[in-house]
Amino acid sequence: MELRINQKTYQVDADADTPLLWVIRDDLGLTGTKYGCGLAQCGACSVLVDGNVVRACVTPVAGVVGREVTTIEAIEADEVGKRVVSAWVEHQVAQCGYCQSGQVMAATALLKHTPAPTVEQIDAAMVNLCRCGTYNAIHAAVQDLATGKEHA
Amino acid sequence: MNNRFARTLGWLAVPCLVAAGALAWYVTRQPVTAFEQAPAAEFDPALVSRGEYVARLSDCVACHSLPGKAPFAGGLEMATPLGNIHATNVTPDPTHGIGRYSLADFDRAVRHGVAPGGRRLYPAMPYPSYAKLSDDDVRSLYAFFMKGVQPANQANLPSDIPWPLNMRWPIALWNGLFAPNTPYAAKPAQDALWNRGAYIVQGPGHCGSCHTPRGLAFNEKALDEAGKPFLAGALLDGWYAPSLRQDPNTGLGRWSEAQLVQFLKTGRNQHAVVYGSMTEAFNNSTQFMSDDDLAAIARYLKSLPGDPQRDGAPWAYQAVAANARPDAPGAHTYATRCASCHGLDGKGQPDWMPPLAGATSALATETASAINITLNGAQRVVAAGVPDAYRMPAFREQLSDQDIAEVLTYVRSTWGNHGSAVEAKDVGKLREHTDPASSTPIILQMR
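Residues numbered from 1 in each chain as written. Chains lettered and ligands numbered in written order. Predicted model: local features only at pLDDT ≥ 70, side-chain atom pairs only at ≥ 80, totals over all residues.

Points about the UniProt feature "binding site: heme c 3" (unreviewed entry) in chain B
As annotated in UniProt, the feature "binding site: heme c 3" (unreviewed entry) corresponds to Cys338, Cys341 and His342 of chain B in the numbering used here. Its place among the elements puts Cys341 of chain B in helix α14 (residues 331-342). With 23 C-beta atoms packed within 10 Å, Cys341 of chain B lands in the buried category. The residues contacting Cys341 of chain B, other than those within four sequence positions of it, are Ala40 and Val58 of chain A together with Gln349, Met353 and Tyr390 of chain B. Here His342 of chain B shows up in helix α14. For His342 of chain B, the contacting residues outside a window of four places in its chain are Gly348, Met353 and Leu356 of chain B. (UniProt positions renumbered as here; feature names shortened; annotations may be inferred. Helix = DSSP H or I, 4+ residues; strand = E, 2+ residues; numbered from the N terminus. Buried ≥ 20, exposed ≤ 12 C-beta atoms within 10 Å, placed from the backbone. Contact = placed C-beta atoms within 7 Å.)

This is the structure we're talking about:
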């Protein structure tokens, strides 16, 4: 089947029910997207599909044929994504870093749909798990992005 | 005076004794079988393999085998209102199994619920359904159990039902009232496909054991399409086994015959994925049925009319704009815990992750299945030897009774769903009485 990932077209030989995550990581070698729980509970595998955040571990690959997938590898090609990464660097959000590609995808999706989210909207959208506990730094970075403070 | 009293007593004693004698005869008698004079059985390999298929249709392994143990050596504990009983060793072991059974003995056990010596089996063995098996299928089933199954030297476990409730003879009276004793008779007005489907559904498939509501004596309220309660949906072991009739909400009204075949063959279709006890029935039985037999089942089930009075107004999808009800209780839990798979629009990702919009569990009056699957997650669906890629996780450690009640109430009242609200106390009750599903794929071996 033919997939569009990060503005490129890939020919993939996979069963229809293969999780998108396996195709991205194992078949295409894009290993920035992480495997966490495999049950859509943690968000480490978050990618964008047509600008919406989805959990690649529970997305059958057949469901994204004809749609535009964005992974962490190309996030800085996106204007919003680029701002998110800068804010992440500014706030030194990452600790071990394992969940961070998913966190960046979730923040990017939020800001694409809601450029100036309220605190409640940020809390409601940023639900990916982080075992290091970087939640405060994540929240601060997204808060800056929401209020335009990251340019200050 | 004394004399007259004694004489009256004497006269009364006669009919009492006669009645007691008749009762004693009735409750211990050996039912007549078609194989009374059967010569010593011959075991043609084709007959053995035919019997293996009948054992698949009948899902004998479901109770008589345990994962990781010798096939058909018994041991499964089953809870009854009187106490726990255990499925028995049905391997051809001469001491603990059925190695000494003649074909007639085997038939009496399978179709009549009577073991050698006249001891009555508990109707946990679905002989009221197996009574409908054909003579040919009983003969081949016997051949399979005698020659296709390895003897296992494993003793049976006693039941823990206390005296006097453990007396078995009253079951004979129950049988007289509730268990048929003639094989399935084809209905000449119907075609061969329908009759084959009726035979499998009522007989070996024993679908009614779960899907037909039971009466006060734990009898299935109907054993064939002549009764309205037949396969009309029932609550059993913490799951609501839905209607298999043409009810659009709680039954198969929106399913085509082809979708029904797909469901029984692959465990999933655009409407639903097997879960709860049906996962076991799929893993061990329905997926092994031939395409012809599945088509027959579908034809038969699609002929059972629904009951609008019981089922309510037919469900129709209602679109809900994303975040239209962000403050509704349960909406946030749904968005963060459920929507990745089942979609913010409730449509799921057919055929892999089932829709909740229009799902039986979201429309049925009984909330048990919705609560149970949320608390405990799904067992692995193993189709053609391959475990499923996607599994419903257990939320019992992450969500409180109140969280689960709220999210399920949200699901049952969104996208046109019109199920009743879910109560936190019902979640609490099921939480106590159930365990999380195993993430290990379980397929019971027959050889």
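There's plenty left to go through after this.
Some details on the sheet that holds strand β5 (residues 68-70) of chain A
Residues and elements named next belong to chain A. The mixed open sheet is built from five strands, whose spatial order is β2-β1-β5-β3-β4. Of all strands in the sheet, those with a lone pairing partner are β2 (8-11) and β4 (52-55), marking the two edges. Averaged over all adjacent pairs, the angle separating strand axes in this sheet is 40°, with direction ignored. Sheet analysis places strand β3 (residues 46-49) next to β5, joined by two bridges and oriented antiparallel. Its bridge partner being in β5, Val49 is matched across the sheet by Val69. Set on the sheet, helix α3 (residues 100-113) makes contact with β3 and β4; between it and β3 the angle comes to about 35°. (Pairing = 2+ DSSP bridges. Axes fitted to C-alpha atoms, helices over the stretch in contact; angles between N-to-C directions.)

Description of the interface of chain B and chain A
In this assembly, 10 residues from chain B lie in contact with 13 residues from chain A. For the side of chain B that touches chain A, the per-class residue count stands at six nonpolar, four polar and no charged. (Nonpolar A, V, L, I, M, F, W, Y, C, P; charged D, E, K, R; others polar.)

Overview of the domain arrangement of chain B
The figure often quoted for interface size is the accessible area lost as the parts come together. Residues and elements named next belong to chain B. In terms of domains, chain B is made up of domain 1 (15-178) and domain 2 (193-433). The C-alpha centroid of domain 2 is placed 31 Å from the C-alpha centroid of domain 1. In this complex, domain 1 contributes 16 residues to the contact, which on the side of domain 2 involves 19 residues. Breaking the side of domain 1 that touches domain 2 down by element, the ones donating at least two residues are α2 (45-58), α3 (61-64), α5 (127-130) and α7 (170-178). When grouped by side-chain class, the residues that make up the side of domain 1 that touches domain 2 number 10 nonpolar, two polar and four charged. (Domains from an automatic or database assignment.)

Focus on α3 of chain A
All names here are of chain A. Between its first and last C-alpha atoms α3 spans 20 Å; for 14 residues at 1.5 Å apiece the expected length is 20 Å, and the two agree. Among the 14 residues in α3, 12 count as buried, and that is most of the element. When α3 is considered as a whole, its buried residues turn out to be Gln100, Ser101, Gly102, Gln103, Val104, Met105, Ala106, Ala107, Thr108, Ala109, Leu110 and Leu111. Buried positions along α3 lie against β3, β4, α2 (79-90), α4 (119-125) and α5 (135-147). (Expected span 1.5 Å × (residues − 1).)

Digging into helix α16 (residues 368-376) of chain B
All names here are of chain B. With eight of nine residues buried, α16 lies mostly within the body of the structure. Taken as a whole, α16 has its buried residues at Ala368, Ser369, Ala370, Ile371, Asn372, Thr374, Leu375 and Asn376. In this structure, the buried side of α16 is in contact with β3 (234-236), β4 (239-241), α15 (360-363), α17 (401-411) and α18 (424-433). Downstream of α16 by one or two residues, Gly377 has phi in the positive range, about 70°.

Observations concerning the environment of Arg83 of chain A
Residues and elements named next belong to chain A. Position of Arg83 relative to the elements: it lies in helix α2. Arg83 sits in the partly exposed class, given 19 other C-beta atoms within 10 Å. Spatially, the C-alpha atom of Arg83 lies 8.3 Å from that of Glu150, the residues being 67 residues apart in sequence. Contact partners of Arg83, with chain neighbours within four places excluded, come to Leu145 and Glu150.

Concerning the environment of Leu430 of chain B
Residue and element names in this part refer to chain B. Tracing the sequence through the fold places Leu430 in helix α18. Owing to 20 C-beta atoms within 10 Å, Leu430 belongs among the buried residues under this scheme. Sequence-wise, Leu430 and Gly238 are 192 residues apart; in three dimensions their C-alpha atoms are separated by 7.0 Å. Excluding anything up to four places from it in sequence, Leu430 contacts Gly238, Ala368, Ile371, Asn372 and Leu375.

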